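Here are the chains, one letter per residue:
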Amino acid sequence: VETLAKWNGQEVVPALSETLQSARIPLHVQTLAVQGLGRLRAATARDALTRFRARIAQSPASGGFELELQQEALSAADRALARLPAE
């Protein structure tokens, strides 16, 4: 995911978007995918980013490091969504 997130082509958008759909993938890895999608300004990832953000916002964080990861993921999703072209 880290390598894909640094890629400069739209062909990685489906793989990065799919990464956001699995709660089994660690949150910090999903955050890298979000950052990559935002950097690519991938409008086709809008739904995946929106669903990811909603899922993370509803997930209870127990505090400490977990809460920091959650806040970082939400901020990354907000930044990525803000970078997408208008619908």
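Our subject is the structure listed above.
Residues numbered from 1 in each chain as written. Predicted model: local features only at pLDDT ≥ 70, side-chain atom pairs only at ≥ 80, totals over all residues. Heavy atoms only, no water.

Some remarks on unusual backbone geometry
Line of reasoning, step 1. The phi torsion at Arg 41 lies on the positive side, around 55°, for a residue other than glycine.
Line of reasoning, step 2. By the secondary structure assignment, Arg 41 is in the loop between helix H3 (27-40) and helix H4 (46-58). (Helix = DSSP H or I, 4+ residues; strand = E, 2+ residues; numbered from the N terminus.)

Re the environment of Thr 50
Line of reasoning, step 1. With respect to the helices and strands, the residue Thr 50 is situated in helix H4.
Line of reasoning, step 2. In sequence terms Thr 50 and Thr 3 are 47 residues apart; their C-alpha atoms lie 23 Å from each other.

Focus: the pattern of salt bridges
Line of reasoning, step 1. Considering all chains together, one arrives at two salt bridges under this definition.
Line of reasoning, step 2. Glu 2 serves as the salt-bridge partner of Lys 6, at 3.6 Å between the closest nitrogen and oxygen. With Lys 6 and Glu 2 both in helix H1 (residues 2-6), this residue pair falls four residues apart, about one helical turn.
Line of reasoning, step 3. We classify Glu 2 as partly exposed; its relative accessible area is 48%.
Line of reasoning, step 4. Between Asp 78 and Arg 53 there is a salt bridge whose closest N-O contact spans 2.4 Å. In this pair, Asp 78 sits in helix H5 (residues 64-83) while Arg 53 sits in helix H4, placing the two residues 25 residues apart along the sequence.
Line of reasoning, step 5. On the basis of relative accessible area, Asp 78 is assigned to the partly exposed category, the value being 36%.
Line of reasoning, step 6. Owing to a relative accessible area of 26%, Arg 53 belongs among the partly exposed residues under this scheme. (Salt bridge = Lys/Arg side-chain N within 4 Å of Asp/Glu carboxyl O. Buried < 20%, exposed > 50% of the residue type's maximum accessible area, 1.4 Å probe, protein only.)

Some points on the nonpolar core
Line of reasoning, step 1. Membership of the largest hydrophobic core comes to 20 residues, with the highest contact counts inside it found for Leu 20, Val 34, Leu 37, Leu 49 and Phe 52.
Line of reasoning, step 2. If you list the elements that add at least two residues to this core, you get helix H2 (13-19), H3, H4 and H5.
Line of reasoning, step 3. The leading source of residues in this core is H5, at five residues.
Line of reasoning, step 4. Those residues in contact with Phe 52, other than ones at most four positions away along the chain, are Leu 20, Leu 27, Gln 30, Val 34, Ala 73 and Ala 77. (Core = buried A, V, L, I, M, F, W, Y, C linked by side-chain atoms within 4.5 Å. Contact = heavy atoms within 4.5 Å.)

Quick word on the layout of surface pockets
Line of reasoning, step 1. Taken as a whole, the largest pocket encloses approximately 180 Å³ of empty space.
Line of reasoning, step 2. If you go around the largest pocket, the residues you meet are Ala 23, Ile 25, Leu 27, Gln 30, Arg 55, Ile 56, Ser 59, Pro 60, Ala 61, Glu 66, Leu 69 and Gln 70.
Line of reasoning, step 3. Put simply, the parts of the chain that give the lining of the largest pocket at least two residues each are H3, H4 and H5.
Line of reasoning, step 4. Element by element, the count of residues in the lining of the largest pocket is highest for H5, at three residues. (1 Å grid on protein atoms, 1.4 Å probe; cavity = no way out; pocket = protein on both sides within 12 Å on 5 of 7 lines; lining within 4 Å. Points joined across faces, edges and corners; volume = space filled by probe spheres on them.)

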